[in-house]
There are 2 protein chains.
Amino acid sequence: MMKNPKCAFRLHAVVAAIGVLLAVPLAAQEVKLPPPEHTDPVALAIMKGFPPPAEKIVNLGNLLKYPNSRWGFQHIRELGPTANVWRGRAAISSLPEAARQLENVDFQSKDGQQISVEDWQKSTYTDGLLVLHRGHIVYQRYYSGMRPETPHALWSLSKSFTGLLARILIQDNKLAPHAKVSDYLPELAGTAWGDATVQQTLDMTTSAQYREVFSDPKSEIFPYLFAGGILPAPKDYSGPKTTYDFLKTVKKDGEHGNGFKYKSVDTEVIGWVLSRITGKSFAELVSDHIWSKIGAEEDAHVWVDPAGTVLSSIGLNATLRDLGRLGEALRMNGRINGSQAIPEAVVAELRKGADREKFKASGQNVRAGYSYHDFWWNPHDADGSFEAKGLNGQHIHINPKAELVIVKLSSHPIGDTSFTHELDRRAFAAIAKAVVQ
Amino acid sequence: MMKNPKCAFRLHAVVAAIGVLLAVPLAAQEVKLPPPEHTDPVALAIMKGFPPPAEKIVNLGNLLKYPNSRWGFQHIRELGPTANVWRGRAAISSLPEAARQLENVDFQSKDGQQISVEDWQKSTYTDGLLVLHRGHIVYQRYYSGMRPETPHALWSLSKSFTGLLARILIQDNKLAPHAKVSDYLPELAGTAWGDATVQQTLDMTTSAQYREVFSDPKSEIFPYLFAGGILPAPKDYSGPKTTYDFLKTVKKDGEHGNGFKYKSVDTEVIGWVLSRITGKSFAELVSDHIWSKIGAEEDAHVWVDPAGTVLSSIGLNATLRDLGRLGEALRMNGRINGSQAIPEAVVAELRKGADREKFKASGQNVRAGYSYHDFWWNPHDADGSFEAKGLNGQHIHINPKAELVIVKLSSHPIGDTSFTHELDRRAFAAIAKAVVQ
């Protein structure tokens, strides 16, 4: 795909720029992170001024160069094409406030340090944190210029929307989980998904010649991002120029169904299936089946590729409180604000999780005991928790036993959220303990 | 600016592609227009399918190739970067319905043909038409897949928002109409606006080496559009790459204040002044002073250039009914839904118009008797009408005597709205006569 050395050099430069941001997790002591208080985009005056000084201008080419992302994750739509996710005309579902002091709640980190909820937010580069207990806002904080109405990049947390939509269509008998993907998308007959089932794709147990290793410039995540227009392609890039065209190039790599392997492309394939079945874009489907049902306060929006395809794997942007509404609806088995926004059976299926044995194949040792089902993470803990997660620290954590929903949106310098996984889990547990007292 | 013949060729191709769309008006008989019923983007399946067939894909490069614009004008944000104009948290101002049969209202065209309001809508490639009488919706129609919640490209109708904002800041003593532009923007000291006043710029009586002649590929409108990222630049284009950088290249061309000459760049200069004074982008200013005040139903959005500058001259997109709300507020001297959304003195000034003698310099003979003030059109008619207008048939027509507001959003193949001016005026008059009966 890379024709000349210049081009390869450019790709290496791209990878170097996003290295800190997207790197496969390293032990904390190996990584030198910028002090969070030195990366505040407001204090740094990123994109401030008319015009901003040249060195403070953020564009797609430098979005992932830290700390540009601290501004950029709140301004994705100002950097490229997006489709609207309309909130509809329903009343906004209420989230009454019942503030509690949680910032001093403390807990022990893995290495025995005492850390407060406030310290945890700062050290994990939080842009917004929302804690709902029994449907009340008990805690909300905004940083980095973020406000209640600011949509924030969700990255792979978008996948959980796609999984939810797929399960809704399965429940509605419009999508057959055991059908082959190529029954819906004949274009994918000769690819990794030719004989994969919808459910294998939803659980990411397909086997594909596709690697999501950000530290390796030969990793197939890069042409996927170039094709989607999210990362500018090197000048001599000659690969696929649209997301669907990229998917058509991915080959099978052994048997499906054996082990979980995290792959953004599985979600794009499901997103494509959903659009093919319904004749609607991912943005329209999220509006119809989720956003307009839960009484969202603000429209959301999604990245659009050069052919107008609305990305279903990494493209969503939404506000903290609207994600709280979705979390609350799921905690309440689909009910919010007095109506059944999402079918109960759909939520029950999401909460089941999948085979934990198959999860082991992922190599995600930090999440030992988890499974991944319909693009939702399941820790199989005693509280019945389930979670949506995205790059750089995006979270919806739902703890049914504690009647708790936590939404955390961040711009952590390290992309892979497993880097802070252990700390986040301890923080969530400490908050759960505090709110039920 | 164009270095080699290949490049010039490309620019000619661009101009040819948009020729029909943006051409300086010709007599109707000289122009062969596509039958409106053959250009319906829904019937033509433009951008339909996952993916759409290659020949049905719209992007910035072919947006202006008719009939792509019929789809594109409802989907601008899916083609490039935009900033949100937040509606805020105020209640939506009500527009009660009191439907009337207006489609059969008829009137004579200039050449003596009898034409109905319905025919007029079709023949002028209407996407949406709203008629408000005494604040009630008496008529609304949507075409081309447009819906009440669909934002539509407003093009130069955006300018009237900028003029309104400027007048609000003047009223608030934050902007001095007789100050020099360069008092606010020292960067423009050596340019057309170096010694132009704010008011001269607001009334477009500045004199600049800048031509907005779409049929002439050497016209300076092209580098303005290339710099703003709205029209893809030819590969070898080496001119300014941001809107502000382009403004800095425009030289003075004689004395200011003598005659009206329509120039999008005057509005961009005022937009820049407003942002410099307030520290806020045009999108934030529209939200703060207009959108959140009138009880808009949906967010609007604005095109953003490669440096993150929110274009104040041609970039807005909004729904039919929200433009109706703005029109109604202005008709009511700034009041809507029981509150003073816009200061009364501001509206009084907009409605005054400017010197009709100076308007003659524009060469816009079809609009003889008009003036242009604070980026609003004023026909100086007996009804006290005033108007906002944009390329391809975007209109807010406010008729205080008839207690009438008409909003028309269109995707006419001919860009210059003066092409349909005579017909539109007659239709507006016929509707005014019908509603007051």
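Residues numbered from 1 in each chain as written. Chains lettered and ligands numbered in written order. Predicted model: local features only at pLDDT ≥ 70, side-chain atom pairs only at ≥ 80, totals over all residues. Heavy atoms only, no water.

Visitor: Explain the overall build of chain A to me, and be specific about the residues and the numbers.
Guide: Scanning chain A from terminus to terminus reveals 14 helices and 15 strands. Against the compact-globule benchmark of 22 Å for 437 residues, chain A has a radius of gyration of 21 Å, which places it among compact chains. Summarising its shape, the C-alpha atoms of chain A cover approximately 60 × 55 × 45 Å along the three principal directions. Here chain A holds 437 residues, and the buried ones make up 60% of them. At a minimum sequence separation of 6, the contacts of chain A that also span at least 24 residues come to 69%. Per element, the accessible surface of chain A, about 16,300 Å² overall, is 51% carbon and sulfur. (Helix = DSSP H or I, 4+ residues; strand = E, 2+ residues; numbered from the N terminus. Rg over C-alpha atoms; globule rule 2.2 N^0.38 Å. Buried < 20%, exposed > 50% of the residue type's maximum accessible area, 1.4 Å probe, protein only. Contact = heavy atoms within 4.5 Å. Areas by Shrake-Rupley, 256 points an atom, 1.4 Å probe, with all protein chains shown as cover.)

Visitor: Now, about the packing of helix α4 (residues 157-171) of chain B against helix α11 (residues 320-331) of chain B: what can you tell me, with residues and values included?
Guide: All names here are of chain B. Following both chains from N to C, one finds α4 and α11 inclined at 45 degrees, their axes separated by 13 Å at the closest point. Overall, the two elements α4 and α11 adopt an arrangement that is oblique. For the element pair α4 and α11, the recorded crossing hand is left-handed. Every residue of α11 that contacts α4 at L157, F161 and L164 is listed here: L323, L326 and L330. (Axes fitted to C-alpha atoms, helices over the stretch in contact; angles between N-to-C directions. Parallel < 35°, antiparallel > 145°, perpendicular 65-115°, else oblique. Left-handed = near helix turned anticlockwise from the far one by under 90°.)

Visitor: I'd like a rundown of the UniProt feature "domain: Beta-lactamase-related" (unreviewed entry) in chain A, residues and numbers included.
Guide: Within the UniProt annotation, "domain: Beta-lactamase-related" (unreviewed entry) is assigned to residues 128-429 of chain A. Secondary structure across residues 128-429 of chain A comprises 32% helix and 17% strand; the distance between its end C-alpha atoms is 18 Å. (UniProt positions renumbered as here; feature names shortened; annotations may be inferred.)

Visitor: Account for the sheet that holds strand β7 (residues 300-303) of chain A, with residues named and values stated.
Guide: Residues and elements named next belong to chain A. What the four strands build is an open sheet, ordered β1-β7-β8-β6; its pairing is antiparallel. Every interior strand has two partners, whereas the edge strands, β1 (82-85) and β6 (152-153), have only one. Bridging between β1 and β7 involves four bridges; their strand directions are antiparallel. Opposite T82, over in β7, you have W303 as the bridge partner. Packed onto the sheet, helix α10 (residues 282-291) meets β1, β7 and β8 (316-318) and runs at close to 15 degrees relative to β1. (Pairing = 2+ DSSP bridges.)

Visitor: I'd love a proper account of the sheet that holds strand β6 (residues 152-153) of chain B, names of residues and values included.
Guide: Residues and elements named next belong to chain B. Read from one edge of the open sheet, four strands run β1-β7-β8-β6, paired in antiparallel fashion. Of all strands in the sheet, those with a lone pairing partner are β1 (82-85) and β6, marking the two edges. Bridging between β6 and strand β8 (residues 316-318) involves two bridges; their strand directions are antiparallel. For H152, the partnering residue across the bridge sits in β8 and is A318. Running over the sheet, helix α10 (residues 282-291) touches β1, β7 (300-303) and β8 and is turned about 15 degrees from β1.

Visitor: Explain the relation of the copies chain A and chain B to me, and be specific about the residues and the numbers.
Guide: Superposing chain A onto chain B requires a rotation of 180 degrees together with a translation of 0.0 Å along the rotation axis, leaving an RMSD of 0.0 Å. The symmetry that links the two subunits is that of a two-fold axis. (Least-squares fit on C-alpha atoms with pLDDT ≥ 70 in both.)

Visitor: Kindly report on the interface of chain A and chain B, identifying the contributing residues and their values.
Guide: At the junction of the two partners, chain A supplies 33 residues and chain B supplies 34 residues. With both chains or domains summed, chain A and chain B bury close to 2,500 Å², and 51% of this area falls on carbon and sulfur atoms. On the surface where chain A and chain B come into contact, there are four salt bridges. R89 of chain B is the partner of E297 of chain A in a salt bridge, and the nearest nitrogen-oxygen pair spans 3.3 Å. On inspection of chain A and its partner chain B, the count reaches 16 residue pairs in polar contact (both at pLDDT 80 or more). Listed by contribution, the elements that provide at least two residues to the side of chain A that touches chain B are β1 and α9 (264-278) of chain A. In the side of chain A that touches chain B, the residues fall into 15 nonpolar, eight polar and 10 charged. (Buried area = accessible area lost by both parts, 1.4 Å probe. Salt bridge = Lys/Arg side-chain N within 4 Å of Asp/Glu carboxyl O. Polar contact = N/O pair within 3.5 Å; in protein donor to acceptor, adjacent residues only side chain to side chain. Nonpolar A, V, L, I, M, F, W, Y, C, P; charged D, E, K, R; others polar.)

Visitor: Any chance you could break down α10 of chain B for me, citing the residues and the numbers?
Guide: Three- or four-residue spacings in an α-helix give side chains the same orientation, since the helix completes a turn every 3.6 residues. Burial analysis of α10 of chain B places seven of its 10 residues in the buried class, the great majority of the element. For α10 of chain B, the set of buried residues is F282, A283, L285, V286, S287, I290 and W291 of chain B.

Visitor: Lay out the environment of A90 of chain A with the relevant residues and their values.
Guide: Residues and elements named next belong to chain A. Relative to the helices and strands, A90 resides in the loop between β1 and β2 (106-108). What makes A90 partly exposed here is its relative accessible area of 34%. The spatial distance from the C-alpha of A90 to the C-alpha of W291 is 9.7 Å, given a sequence separation of 201 residues.

Visitor: Describe the packing of α4 of chain B against α10 of chain B, with residues and values.
Guide: Residues and elements named next belong to chain B. It is the contact of α4 with α10, at a shortest axis distance of 10 Å, that shows an interaxial angle of 70 degrees. As the angle between them shows, α4 and α10 are arranged roughly perpendicular. With respect to the hand of their crossing, α4 and α10 are arranged in left-handed fashion. Here S158, F161, T162, L164, L165 and I168 of α4 come into contact with α10, specifically with F282, L285, V286, H289, I290 and W291. Residues of the contact of α4 with α10, tallied by class, amount to nine nonpolar, three polar and no charged.

Visitor: Give a detailed account of the pattern of salt bridges, specifying residues and quantitative values.
Guide: A full pass over the atoms with the stated rule returns 50 salt bridges over all chains. With a closest N to O distance of 2.6 Å, D288 of chain A and K280 of chain A form a salt bridge. You can call D288 of chain A partly exposed: its relative accessible area is 29%. Three or more residues joined by partner-sharing salt bridges are found here, namely R89 of chain A together with R147, E149, E297, R321, D322 and R325 of chain B.

Visitor: Tell me about helix α7 (residues 221-228) of chain A, residues and numbers included.
Guide: Where burial is concerned, most of α7 of chain A is hidden: eight out of the eight residues are buried. Those residues of α7 of chain A not exposed but buried are I221, F222, P223, Y224, L225, F226, A227 and G228 of chain A.

Visitor: Talk me through the pairing of strand β14 (residues 394-399) of chain B; I want residue IDs and the actual numbers.
Guide: All names here are of chain B. Counting buried positions over the six residues of β14 gives six, a clear majority of the element. A two-sided burial pattern is seen for β14, the buried positions comprising Q394, I396 and I398 on one face and H395, H397 and N399 on the other. Note: strand β13 (residues 386-390) against β14, five bridges, orientation antiparallel. If you follow G390 over to β14, its bridge partner there is Q394. The hairpin formed by β13 and β14 contains three residues between the paired strands, and N392 there has a positive phi angle of roughly 70 degrees.

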